[in-house]
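Observations on chain architecture
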Amino acid sequence: MTETCCRSFSEEQYRDLDKVIAQYQGKPGGLIPVLHQAQLIFGYLPKEIQIRVAEGLNVPLSEVYGVVTFYSFFSQQPRGKHTIGVCLGTACYVKGAADIVEALEEELEIKVGETTANGDFTLMVTRCVGACGLAPVLTVGEDVYGRLTADKIPEVLKHYQKTEA
Amino acid sequence: MKLYRAHVLVCGGAGCLSTGCKAVLDRFTDEIKAHNLEEEVHVVETGCIGTCDLGPVIVIYPEGIFYKEVTPDDVKEIVEEHLLKGRLVTRLLYERPVSGGQIPFYNEIDFFRKQKRIALRNVGMINPEVIEEYIARDGYIALGKVLTQYTPEQVIQVIKDSGLRGRGGAGFPTGLKWEFTMKAPGEEKYVVCNADEGDPGAFMDRSVLEGDPHSVIEAMAIAGYAVGASQGYVYVRAEYPLAVQRLENAIEKARAFGMLGKNILGTAFSFDLEIRVGAGAFVCGEETALLASLEGKRGEPRPKPPFPASQGLWGKPTLINNVETFANIPAIINQGADWFRQIGTKNSPGTKVFALAGKVNNTGLVEVPMGVTLREIIFELGGGIPNHKRFKAAQTGGPSGGCLTEKDLDQPIDYESLVAAGSMMGSGGLIVMDEDNCMVDVARFFLEFTQDESCGKCTPCRIGTKRMLEILIRITQGKGEEKDLELLEELAQTIKNTALCGLGQSAPNPVLSTIQNFRDEYLAHIRDKKCPAKVCRALLQYTISSELCRGCGICARECPEKAISGEPKEPYFINQEACIKCGVCIEKCPFDAISLI
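Residues numbered from 1 in each chain as written. Chains lettered and ligands numbered in written order. Predicted model: local features only at pLDDT ≥ 70, side-chain atom pairs only at ≥ 80, totals over all residues. Heavy atoms only, no water.

A look at the overall build of chain B
- Secondary structure assignment for chain B yields 24 helices and 19 strands.
- Radius of gyration (C-alpha) of chain B: 27 Å, near the 25 Å computed for a compact globule of 597 residues.
- Expressed as a percentage of its 597 residues, the buried residues of chain B come to 60%.
- Contacts in chain B between residues far apart in sequence, at least 24 positions, make up 69% of those at least 6 positions apart.
- Of the roughly 23,400 Å² of accessible surface on chain B, 49% is carried by carbon and sulfur atoms.
- Here chain B contributes 66 positive and 78 negative side-chain charges, whose respective centroids are spaced 3 Å apart. (Helix = DSSP H or I, 4+ residues; strand = E, 2+ residues; numbered from the N terminus. Rg over C-alpha atoms; globule rule 2.2 N^0.38 Å. Buried < 20%, exposed > 50% of the residue type's maximum accessible area, 1.4 Å probe, protein only. Contact = heavy atoms within 4.5 Å. Areas by Shrake-Rupley, 256 points an atom, 1.4 Å probe, with all protein chains shown as cover. Lys, Arg positive; Asp, Glu negative; His and termini not counted. Charge placed at Lys NZ, Arg CZ, Asp CG, Glu CD.)

Side note on the overall build of chain A
- The helix and strand inventory of chain A stands at seven helices and four strands.
- Helices (α) and strands (β) of chain A occur, in sequence order from the N terminus, as α-α-α-α-β-α-α-β-β-β-α.
- In terms of principal-axis extent, the alpha carbons of chain A reach across some 50 × 35 × 30 Å.
- If you take every contact in chain A between residues at least 6 apart in sequence, the share linking residues at least 24 apart comes to 61%.
- Element-wise, carbon and sulfur atoms account for 50% of the exposed surface of chain A, whose accessible area totals about 8,200 Å².
- Charged side chains in chain A number 15 positive and 21 negative. The centres of these two groups are separated by 5 Å.

A few points about helix α6 (residues 97-108) of chain A
All names here are of chain A.
- With 12 residues, α6 extends 16 Å between its outermost C-alpha atoms, agreeing within 8% with the 16 Å of an ideal straight helix rising 1.5 Å per residue.
- Taken as a whole, α6 has its buried residues at Ala 97, Ile 100, Val 101, Ala 103, Leu 104, Glu 105 and Leu 108.
- A positive phi of about 55° marks Glu 109, the residue just after α6. (Expected span 1.5 Å × (residues − 1).)

Some points on empty space enclosed by the protein
- Applying the stated criterion to the full structure yields nine cavities of 30 Å³ or more.
- By volume, the largest cavity amounts to about 100 Å³.
- Considering only residue class, the lining of the largest cavity consists of 11 nonpolar, one polar and two charged. (1 Å grid on protein atoms, 1.4 Å probe; cavity = no way out; pocket = protein on both sides within 12 Å on 5 of 7 lines; lining within 4 Å. Points joined across faces, edges and corners; volume = space filled by probe spheres on them. Nonpolar A, V, L, I, M, F, W, Y, C, P; charged D, E, K, R; others polar.)

Section: the pairing of strand β3 (residues 58-61) of chain B
All names here are of chain B.
- Taken together, the four bridges between strand β1 (residues 6-11) and β3 define a ladder with antiparallel strand orientation. The residue of β3 that forms the bridge with Leu 9 is Val 59.
- The sheet contact formed by β3 and strand β4 (residues 65-67) spans three bridges and is antiparallel. Looking at β4, one finds that Ile 60 is bridged to Ile 65.
- In sequence, β3 turns back onto β4 through a hairpin of three residues, with Gly 64 there showing a positive phi of about 80°. (Pairing = 2+ DSSP bridges.)

A few points about the packing of helix α17 (residues 439-453) of chain B against helix α22 (residues 519-526) of chain B
Residue and element names in this part refer to chain B.
- The N-to-C vectors of α17 and α22 enclose an angle of 95°; their axes lie 9 Å apart at closest approach. As the angle between them shows, α17 and α22 are arranged roughly perpendicular. Of the residues in α22, those touching α17 at Met 439, Val 440 and Ala 443 are Glu 521, Tyr 522 and His 525.
- Here the residues of the contact of α17 with α22 are counted per class, giving four nonpolar, one polar and one charged. (Axes fitted to C-alpha atoms, helices over the stretch in contact; angles between N-to-C directions. Parallel < 35°, antiparallel > 145°, perpendicular 65-115°, else oblique.)

A word on the packing of aromatic side chains
- In total, this model carries 23 aromatic pairs over all chains according to the counting rule given.
- With a centroid separation of 6.4 Å and an interplanar angle of 80°, the aromatic rings of A:Tyr145 and A:Tyr160 are classed as edge-to-face. Pair noted here: A:Tyr145 is in strand β4 (residues 143-145) and A:Tyr160 is in helix α7 (residues 153-164), with a separation of 15 residues, a long-range link. In terms of burial, A:Tyr145 and A:Tyr160 fall into one category: buried.
- Members of the aromatic cluster, joined through ring pairs, are B:Phe66, B:Tyr94, B:Tyr106, B:Phe111 and B:Phe112. (Phe/Tyr/Trp six-rings, centres within 6.5 Å; stacked < 30°, edge-to-face > 60°.)

Description of the interface of chain A and chain B
- Contacts between the two partners involve 35 residues from chain A, matched on the other side by 52 residues from chain B.
- Between chain A and chain B, a total of about 3,500 Å² is buried, with carbon and sulfur atoms accounting for 58% of that surface.
- Together, A:Phe70, A:Thr90 and A:Arg127 form the three largest contributors to the area buried by chain A at its contact with chain B, with a combined 20%.
- At the junction of chain A with chain B, the criterion picks out five salt bridges. (Buried area = accessible area lost by both parts, 1.4 Å probe. Salt bridge = Lys/Arg side-chain N within 4 Å of Asp/Glu carboxyl O.)

A word on α17(B)
- An ideal rise of 1.5 Å per residue puts 21 Å on 15 residues; α17(B) measures up with 21 Å between its terminal C-alpha atoms.
- With 13 of 15 residues buried, α17(B) lies mostly within the body of the structure.

Considering the side chain of B:Ser513
All names here are of chain B.
- Take Ser 513: it is sitting in helix α21 (residues 509-517).
- The exposure class assigned to Ser 513 is buried, which follows from its relative accessible area of 3%.
- A polar atom in the side chain of Ser 513 sits 2.7 Å from the backbone nitrogen of Cys 403.
- Aside from chain neighbours lying at most four places away, what touches Ser 513 is Gly 402, Cys 403 and Gly 422. (Polar contact = N/O pair within 3.5 Å; in protein donor to acceptor, adjacent residues only side chain to side chain.)

Examining the pattern of salt bridges
All names here are of chain B.
- Tallying each qualifying case throughout the model produces 47 salt bridges over all chains.
- A salt bridge links Asp 73 to Arg 27; the nearest nitrogen and oxygen atoms lie 3.8 Å apart. Residue Asp 73 is located in helix α3 (residues 72-85), and its partner Arg 27 is located in helix α2 (residues 21-34); the two are separated by 46 residues in the primary sequence.
- Residue class for Asp 73 comes out exposed when judged on its relative accessible area of 62%.
- Across the pair Lys 359 and Asp 434 runs a salt bridge whose closest N-O atoms are separated by 3.1 Å. Of this pair, Lys 359 sits in the loop between β11 (351-358) and β12 (364-369) while Asp 434 sits in strand β15 (residues 429-434), and the two are 75 residues apart along the sequence.
- The buried category is assigned to Lys 359, whose relative accessible area is 14%.
- Relative accessible area serves as the criterion here: at 3%, Asp 434 is assigned to the buried category.
- Salt bridges sharing partners connect three or more residues here, namely Lys 22, Glu 45, Glu 129 and Arg 246.

Quick look at the nonpolar core
Residue and element names in this part refer to chain B.
- Ranked by internal contacts, the top residues of the largest apolar core, which has 95 residues, are Trp 178, Phe 271 and Phe 326.
- Here the element with the most residues in this core is helix α10 (residues 213-227); it accounts for 10 residues.
- Setting aside chain neighbours within four positions, we find Phe 271 in contact with Val 191, Met 220, Ala 221, Gly 224, Ala 229, Ser 230, Gln 231, Gly 232, Leu 260, Gly 261 and Ile 264. (Core = buried A, V, L, I, M, F, W, Y, C linked by side-chain atoms within 4.5 Å.)

Concerning the sheet that holds β1(B)
Residue and element names in this part refer to chain B.
- Strand order in the open sheet made by the four strands is β2-β1-β3-β4, with mixed pairing throughout. The strands lining the two open edges of the sheet, one partner per strand, are β2 (41-46) and β4. Taken pair by pair, the neighbouring strands of this sheet meet at an average axis angle of 20°, ignoring direction.
- Each of β1, β2, β3 and β4 is contacted by α3, which is oriented at about 30° to β3, the strand it contacts most.

Some remarks on the environment of B:Leu523
- If you trace the backbone, B:Leu523 turns up in helix α22.
- Spatially, the C-alpha atoms of B:Leu523 and B:Ala226 are 55 Å apart, while their sequence positions differ by 297 residues.

Let's talk about the side chain of B:Glu210
- Inspection of the secondary structure puts B:Glu210 in helix α9 (residues 204-211).
- Residue contacts for B:Glu210: discarding those within four places in its chain leaves B:Ala14, B:Gly47, B:Pro128, B:Leu242, B:Ala243 and B:Arg246.

Structure follows, in structure tokens:
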């Protein structure tokens, strides 16, 4: 198995993580906030980061791993530059979110949960984002796109592909 | 304080943000400056005004004129016509969806006219980032009153007398919860706000946190005083970054104003708040799972009793209420239990916020007195079903609820009546479905949701919902058998009786409710291998009408599976065995000769 940890992180990233750990050390219930910050810093939570968090907060690694795998927000795989989340809340679903997922899979040539070969996009489905009035909805990073139809997908993607060029 | 002759309220709710209200806001600021109106007109970015599908929306006071779908390019005209010359920009006014005709005034539009706003009293009216605006609308008066004039027992008595019930779903009397927590032995106690609004289709808590965060902060401080807690936590789901940001801002402002922290308002009472962000687990909306998550663990529920009121966060007595429940508290303290009891029904006093979404003309948030009918909500406030389609069902209670049908339209809505109709209040998501929605598919959708979100701790939920889902998938693929319905019902009862927490116990509800109300639709899938709503793709056939087909051959060329054949100028045929039902042929046919049956 190829270990994902081989992607090297910078000293600065580790320093940032240690600062976060210091902030929550000895504070009850700090594990989840620390993991949130760690994912912001590194983009995902590979084994070596989990070990560092476990040692820093003095909790068993098994507990850290248990939490990471329990919550869908935490990822052990690196994600693309942009994460697309198609809302699969009820309002979006009854207004055709399944077609949006299909259009994206076709356009990006990946399945849900995968990342494009060039590392630009990761395709995810999300829980209700609470923009039901605009259903169906998708998010790219923190941007929200509403009132979608399958044929609007290429246009949405273009915003992010352009910035790459 | 400066007086302005006009206020422009620009909705900064999540819906309007995604349709570009920021650019509208910026343009207003620029144009007002350019026209030297800065001393006369004040622009305010508010929380969600409620009509999400019409965004970006603005309301201009003192007249209360409502403009919809405003783009930055419209702003100059609004400033010059409305704000300078006093003339309406008619092309941006609201139009009645069914009967037609324009309505300029905000409070005359059906969607707003029929509402009674208590929990949402400030949402869409004030700038949530400015504490003074909250204070100007009687904010923190209730806290002051409680701390200086009431004993904790008196506070609890008011809440008990008001009859307020938990707005998060189950409808447990709030005052009792407060009393249990107060009476529980222990020095250290906690107040927790459940803002893990996980029901798909419900977004009222998000709207309160984004549009009026101080009402929650004030209520939590009141609760802290009543139950004897000095620390509170707000558990917000990670999907709501804006809510977290506005709440953080509000907590800081409240501290700076002495409404949180040590010796609040100069009294002996100290109380502070911390935000904890969830990490994407629906089950954390269940209170014991939420507490586990707050403690930094996997969000798995545990059996009750002991209830959180006696053993909650870190084993200490803990009061947990949801956002909307808290938002009602300051209003009840200020205006009294009797006032609150006059609104709503006898057993469910007050109002309820519903998130109206799905196949309905006006989508968004509505707060109505308990006891209104579904018909009023969907057809009056909601403006009916779009595209002249027929109403089929309204789903309430999310994955734990059920479907209401035509026969329930005139039933007054409260906690009990919804349960009697085979659904539940839940957090107030109300998703309208029309004839194009397949109820078997909807049941499958919810089961897929609960199956995915099941924490796996107890067997009935982990395995039982999986078996139910497998059966439903089979039915939607045309492989169902008649005995499947019986099996589904039997499994459902077992899971209801034996699952550990509310998520598992209520997971079968969408299936039971759809079987009860739409048995024929299930039978059509099972016996006739047909999906009447034409949703379940495996049960559909693409056919070419021999009358309409001109034999152009476009479909045959476009078909990725080469499943279409025929002679030029003669009607073509689809080989059903080879057809993968991708729908390309329908899209490409210039004569509309291909249809789904």
